[in-house]
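Geometric and topological summary
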Amino acid sequence: GRVVISGIGKSAIIAQKIVATLNSTGTPSLFLHAADAIHGDLGLVQKDDVVMIISKSGESPEIKVLVPLIKNFGNCVIGMVGNTTSYLARRAD
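Calculation criteria
Residues numbered from 1 in each chain as written. Predicted model: local features only at pLDDT ≥ 70, side-chain atom pairs only at ≥ 80, totals over all residues. Heavy atoms only, no water. Helix = DSSP H or I, 4+ residues; strand = E, 2+ residues; numbered from the N terminus. Buried < 20%, exposed > 50% of the residue type's maximum accessible area, 1.4 Å probe, protein only. Core = buried A, V, L, I, M, F, W, Y, C linked by side-chain atoms within 4.5 Å. Contact = heavy atoms within 4.5 Å. Expected span 1.5 Å × (residues − 1). Arc of directions from axis to C-beta.

1. Concerning the environment of serine 24
Within the element layout of this structure, serine 24 appears in helix H1 (residues 10-24). For serine 24, a relative accessible area of 60% translates into the label exposed. Residues serine 24 and valine 67, 43 residues apart in the sequence, show an inter-C-alpha distance of 27 Å.

2. Quick notes on the nonpolar core
Of all hydrophobic cores here, the largest spans 16 residues; its most connected members are Leu32, Leu42, Ile53, Leu66 and Ile70. Only strand S2 (29-33), helix H2 (34-38), strand S3 (50-55), helix H3 (61-72) and helix H4 (87-91) provide two or more residues apiece to this core. For this core, the element with the highest residue contribution is H3, accounting for 4 residues. Dropping the residues within four chain positions of it, leucine 32 is found in contact with Val4, Ile5, Ser6, Gly7, Ala37, Asp41, Leu42, Leu44 and Val45.

3. Examining H1
In this model, H1 (15 residues) spans 22 Å end to end at C-alpha, consistent with the 21 Å of a helix rising 1.5 Å per residue. Looking only at H1, the buried set comprises Ser11, Ala12, Ala15 and Val19. What you see down the axis of H1 is that its buried residues fit within an arc of 95°, all on one side. Facing away from the buried surface of H1 by more than 90 degrees, the exposed residues are Lys10, Lys17 and Ser24. Tucked into the core, H1 has its buried residues touching strand S1 (3-7), S2 and S3.

This is how it looks when you write it as structure tokens:
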């Protein structure tokens with residue numbers, strides 16, 4: 001599968017840069033904005049993809065909606081968070 005990286009706000013900008021780096025080194029990856037994902041773009045995520053979500057707080061409303069959707073599809077969720085007790089940190093694989 002691919003590496004799908006998502007975030008919101010400044011974390012989304014960082015996610016885009018990581019995606020560019022991964023693609024340039026031969027790792028298939030794509031950026032999925034967290035707000036766009038919950039409003040119809042979640043179809044970009046395929047069965048074998050790994051999803052990394054970047055968030056400083058780990059508590060944004062978009063992430064709280066996105067994480068269960070991804071997990072329901074059976075994808076692995078990697079969380080990169082500043083708050084290790086946050087929603088995202090507790091629910092990431």
